[in-house]
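Given next are the chains, with one letter for each unit.
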Amino acid sequence: MSPIITLCVLLIALLATARPTKAPLTSVEPGTRANAVPGGKLIALTFDDGPKPYVLLGTRTENGVSSQSLLNLLDRQQAKATFFVMGWRLSKNADAKCRKDDGGVCREAAAEEHRRGHEIENHTYGHGDFRVMVKRYGEEWVLNDIDKASTIIQSITGVKPSYLRPPDWTIWPELQKKIEARGYQVMTKSAAVPPALRDVDSEDYFCAGRNLSKCPKPSDYDYVLRTIAQRERQGVNQHILVFHELPPSVELLSRLIPELKKRAYRFVLLRTYMEAAKGQP
Ligand SMILES: [Zn+2]
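The text that follows walks through the structure, step by step, so that each part is easy to find. (Residues numbered from 1 in each chain as written. Predicted model: local features only at pLDDT ≥ 70, side-chain atom pairs only at ≥ 80, totals over all residues. Heavy atoms only, no water.)

### Let's talk about helix H8 (residues 139-157)
The α-helix advances 3.6 residues per turn, and as a result positions three or four apart in sequence lie on the same side.
So, step 1. End to end, H8 covers 27 Å across 19 residues, agreeing with the expected 27 Å (1.5 Å per residue, within 8%).
So, step 2. For H8, the secondary structure elements touched by its buried residues are strand E2 (81-85), helix H6 (106-115), strand E3 (119-122), helix H7 (130-137), strand E4 (163-164) and helix H9 (173-181). (Helix = DSSP H or I, 4+ residues; strand = E, 2+ residues; numbered from the N terminus. Expected span 1.5 Å × (residues − 1). Contact = heavy atoms within 4.5 Å.)

Next comes the structure, spelled out in structure tokens:
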């Protein structure tokens, strides 16, 4: 073979082997690549204490508090999120209170979360502090309060929650084991679990309401980015971010999500995240 033909054969062989490795990257839907790339830059956005219609849908409440719609923001940004709701808000008895305080029916807002492809997980039914509740009513009551929330969530989504975030992260090993035995993974800030599987507290609850003295300086937006940068320096590129359904948090996220997307992060359901984050630092 002449050198030119040899070169041509080599080139064709090279092109033939290069093509198949490129093809899956372009054909995979956004949001599913996490499964293929376990070390990819991922964020599980999570929201506690809802559902609150005026935050999710941007409706106005009787007392005049307004917010832009969190669900519309997530749609625009093609980001999926996980909502840790309070079970009592999904009961029929809460409809009047939700209408009055939160500008709509909480159950309907939860159904809308589910309809738009977000996840609903368990933040207990009554949102009572575990230490206080165990002392007052006993352990069994706390476990039932968790199951009660799951039952009502499942009545809306058809799916039993897999994750439980204790109110204010108050938990201890003995109770955690009992909760796990009921089929839940307990969300924690504890250093006992790897950083990628540990909740990252945005501290957004310090930045709503009248007293803002504990809100991170110069801004919560800056604080969350700083926290992520710190984790990246330790080789951690996967983060479970914890926010609350609060108007300032929606405003913050309208800037934070595009910024993190620019830095190659993708926003996925907690379930998808956990699958990809297993075995990460
Ligand atoms: Zn909470």
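### Concerning the side chain of Arg89
So, step 1. By the secondary structure assignment, Arg89 is in the loop between E2 and helix H5 (95-102).
So, step 2. With a relative accessible area of 7%, Arg89 lands in the buried category.
So, step 3. Setting aside residues no more than four positions away along its own chain, Arg89 makes contact with Asp49, Gly50, Pro51, Lys52, Ala94, Cys98, Asp102, Cys106 and Arg107. (Buried < 20%, exposed > 50% of the residue type's maximum accessible area, 1.4 Å probe, protein only.)

### Comments concerning the packing of H7 against H8
So, step 1. Packing of H7 against H8 brings their axes to within 7 Å, and their N-to-C directions diverge by 125 degrees. Judged by the angle between their axes, H7 and H8 are oblique. Residues Phe130, Met133, Val134 and Tyr137 of H7 form the contact with H8, whose own contacting residues are Glu139, Trp141, Val142 and Ile146.
So, step 2. Residues of the contact of H7 with H8, tallied by class, amount to seven nonpolar, no polar and one charged. (Axes fitted to C-alpha atoms, helices over the stretch in contact; angles between N-to-C directions. Parallel < 35°, antiparallel > 145°, perpendicular 65-115°, else oblique. Nonpolar A, V, L, I, M, F, W, Y, C, P; charged D, E, K, R; others polar.)

### Digging into the pairing of E2
Where a strand is regular, its side chains alternate between the two sheet faces.
So, step 1. The element E2 is largely enclosed, with a buried count of five among its five residues.
So, step 2. Here E2 shows a buried face lined by Ala81, Phe83 and Val85 and a second buried face lined by Thr82 and Phe84.
So, step 3. Pairing of E2 with E3 involves four bridges; the strand directions are parallel. Pairing of Phe84 across the sheet is with Glu121, part of E3. (Pairing = 2+ DSSP bridges.)

### Describing the side chain of Asn122
So, step 1. Looking at the element boundaries, Asn122 is found in strand E3.
So, step 2. Beyond its immediate stretch of four places on either side in the chain, Asn122 contacts Phe84, Val85, Ile146, Ala149, Ser150, Ile153, Pro161, Tyr163, Leu164, Arg165 and Tyr184.

### Focus: the coordination of the zinc ion
So, step 1. Coordination sphere of the zinc ion, protein contribution only: Asp49 (OD), His123 (NE2) and His127 (NE2), at 2.1 Å.
So, step 2. Positions of the donor residues of the zinc ion along the chain correspond to the pattern D-x73-H-x3-H. Of the two residues, Asp49 is situated in strand E1 (residues 42-50) and His127 in the loop between E3 and H7; the sequence distance between them amounts to 78 residues.
So, step 3. Owing to a relative accessible area of 16%, Asp49 belongs among the buried residues under this scheme. (Donors = N, O, S within 2.8 Å, 3.2 Å for Na, K, Ca; no water.)

### Notes on the nonpolar core
So, step 1. The biggest cluster of nonpolar side chains holds 38 residues, and the ones touching the most others in it are Leu45, Leu70, Leu74, Phe83, Phe243, Leu253 and Leu256.
So, step 2. Residues contacting Phe243, with those up to four places away along its chain left out, are Leu45, Thr46, Phe47, Asp48, Ser202, Asp204, Val224, Ser249, Leu252, Leu253 and Leu256.
So, step 3. In this structure, Tyr163, Ile240, Leu270 and Ala277 belong to the second largest nonpolar core, which totals 14 residues. (Core = buried A, V, L, I, M, F, W, Y, C linked by side-chain atoms within 4.5 Å.)

### Considering unusual backbone geometry
So, step 1. Cis rather than trans, the peptide bond between Gly50 and Pro51 has omega equal to -5 degrees.
So, step 2. Assignment of secondary structure puts Pro51 in the loop between E1 and helix H3 (53-56).
So, step 3. Going from Lys217 to Pro218, the amide bond is cis rather than trans, its omega being -5 degrees.
So, step 4. Tracing the backbone shows Pro218 in the loop between strand E6 (199-201) and helix H10 (220-233).
So, step 5. Backbone geometry at Trp169 places phi at a positive 60 degrees, although glycine is not the residue there.
So, step 6. Positionally, Trp169 belongs in the loop between E4 and H9.
So, step 7. Accessibility expressed as a relative area gives 14% for Trp169, which makes it buried.
So, step 8. For Ala264, which is not glycine, the phi dihedral falls at a positive 75 degrees.

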